[in-house]
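# What the coordinates show
Next come the chains, spelled out residue by residue.
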Amino acid sequence: MTSRPVYHFNSIIVRTPSRSVVDGLRAEDRGSPTYDGVKAEHDAYLEAMRDAGVKATVLPPLEAFPDSVFVEDPALVFTEGAIVLRPGAAARVRETQEIAPTLREMFHTVLDLPAGYADGGDVLTTRESVMIGLSARTDRAGAVALRACLDKLGRKSEIVATPEGVLHFKTDCSLLDDETVLSTNRLARSGVFKNFRQMIIPDGEEPAANALRVNDVVMVGSDFPRTIEMLDKAGYGVVPLKTTEIGKIDAGLSCMSLRWFSEAS
Ligand code: CIR
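In what follows, the accompanying structure is described. Quick caveat: nothing in here was measured; it's all calculated off a predicted structure.

Let us look at the sheet that holds strand β15 (residues 258–260). What the three strands build is an open sheet, ordered β2-β1-β15; its pairing is mixed. The sheet terminates laterally at β2 (55–59) and β15, the two strands that pair on one side only. Sheet twist, expressed as the average angle between the axes of neighbouring strands with direction ignored, equals 15°. Sheet topology note: the strand β1 (residues 11–15)/β2 ladder contains five bridges and is parallel. By the bridge assignment for β2, I13 is matched with T57.

The two faces of the sheet receive side chains in turn, since in a regular strand these alternate between them. Of the two faces of strand β10 (residues 180–183), the one carrying T180 and L182 and the one carrying V181 and S183 are both buried. Bridge analysis of strand β9 (residues 173–177) against β10 gives four bridges, and the strand direction is antiparallel. Residue pairing in the sheet places S174 in a bridge with L182 of β10. Between the end of β9 and the start of β10, which pair antiparallel, lie two residues. As paired elements, β10 and strand β11 (residues 197–200) share four bridges and run parallel to each other. Within β11, the residue paired with S183 across the bridge is I200.

Taken together, 14 residues are adjacent to the ligand, and L25, D67, E72, D73 and I249 come closest. Here a nitrogen atom of the ligand sits 2.8 Å away from a polar atom, N or O, in the main chain of L25. Side-chain polar atom of D67 to a nitrogen atom of the ligand: 2.8 Å apart, as the coordinates give it. Starting from 350 Å² of accessible surface for the ligand in isolation, the protein chains cover 99%.

On to the layout of surface pockets. Space inside the largest pocket adds up to approximately 900 Å³. Lining the largest pocket are 44 residues, with R30, L167, T171, D250 and A251 sitting closest to its centre. Residues that form the lining of the largest pocket fall into these classes: 15 nonpolar, 13 polar and 16 charged. Roughly 690 Å³ of internal volume is contained in the second largest pocket. As for the second largest pocket, its lining consists of 37 residues, and the residues nearest its centre are V6, F9, F78, T125 and R155. Looking at the lining of the second largest pocket, the element that brings in the most residues is strand β3 (residues 75–78), giving four residues. Of the residues contributing to the lining of the second largest pocket, the split by class is 17 nonpolar, nine polar and eleven charged.

Take I99: it is sitting in helix α2 (residues 95–106). For I99, a relative accessible area of 1% translates into the label buried. Not counting chain neighbours up to four residues away, the residues in contact with I99 comprise I13, R15, L59, V71, P74, A75 and L258.

Moving on to the packing of aromatic side chains. Counting across every chain of the model gives three aromatic pairs. Ring geometry for F107 versus W260: centroids 4.8 Å apart, planes at 45°, classification tilted. Placement of the pair is F107 in the loop between α2 and β5 (110–112) and W260 in strand β15, with a sequence separation of 153 residues. There is no split in this pair, since F107 and W260 are both buried. The interplanar angle of 50° and the centroid separation of 6.0 Å between the aromatic rings of F169 and F193 together place this pair among those described as tilted. With F169 in the loop between β8 (157–161) and β9 and F193 in the loop between α4 (185–188) and β11, this residue pair connects regions lying 24 residues apart in the sequence. The class of F169 is buried, set by a relative accessible area of 0%. For F193, a relative accessible area of 0% gives the class buried.

How each quantity is defined
Residues numbered from 1 in each chain as written. Predicted model: local features only at pLDDT ≥ 70, side-chain atom pairs only at ≥ 80, totals over all residues. Heavy atoms only, no water. Pairing = 2+ DSSP bridges. Helix = DSSP H or I, 4+ residues; strand = E, 2+ residues; numbered from the N terminus. Axes fitted to C-alpha atoms, helices over the stretch in contact; angles between N-to-C directions. Buried < 20%, exposed > 50% of the residue type's maximum accessible area, 1.4 Å probe, protein only. Near = heavy atom within 4 Å. Polar contact = N/O pair within 3.5 Å; in protein donor to acceptor, adjacent residues only side chain to side chain. Areas by Shrake-Rupley, 256 points an atom, 1.4 Å probe, with all protein chains shown as cover. 1 Å grid on protein atoms, 1.4 Å probe; cavity = no way out; pocket = protein on both sides within 12 Å on 5 of 7 lines; lining within 4 Å. Points joined across faces, edges and corners; volume = space filled by probe spheres on them. Nonpolar A, V, L, I, M, F, W, Y, C, P; charged D, E, K, R; others polar. Contact = heavy atoms within 4.5 Å. Phe/Tyr/Trp six-rings, centres within 6.5 Å; stacked < 30°, edge-to-face > 60°.

Below you can see the structure in the form of structure tokens.
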């Protein structure tokens, strides 16, 4: 195990939103996002990422795949290699074919999930292990197959539960540093983070749990002032980013990038 912090990244892949993003999947209809709104949120995200010190590979929009801006779901990336996943939503399955060629160009080792279903949004990489949350998108067969792929990359992993009705494991949590997680109360109550220091999201701000630590900063949805204040007081370098539009299609900050530390850069 390297001594590099898990949140130390120098490389990301993002995909420009397509105009079809207004038709993105959602569990509950709270109105469609506007294309211009999503694009503005994506532009600000990319700028914040570059400010945080990463080199971005920007892929072109895919009109046939409304949710393809959420590149986190069809693949997983690590310094040691990438894994092409099998997304659990039928409309998103073929996003893997679109991202795989880029991964094969950028990584020496690219594995393919051989069975079941798994979305990257269900995977939280921590210092000790890679946590794989079972959800409506990630089934046990996918999680078991993913553990075997992670073994090949030399990564320890564990299978955990996602609270009922929550889209992805990381919808409800994020890593703040190597010892600390930010979690909703409903997820923390399950005991999954007993080996971590836990910061609990204030009631009513649950979507803020999908924050994103990148190098020296923690990106947090700007609609969540109490979470921002809590993290600020705890000494984190908070960068508030607007997530109002992507929030309408159940997305947050981690969804919009694949992040890793490339030893080649
Ligand atoms: C979906 O339902 O797949 C998209 N509308 C949202 C994906 C969010 N991705 C993530 O949390 N990693």
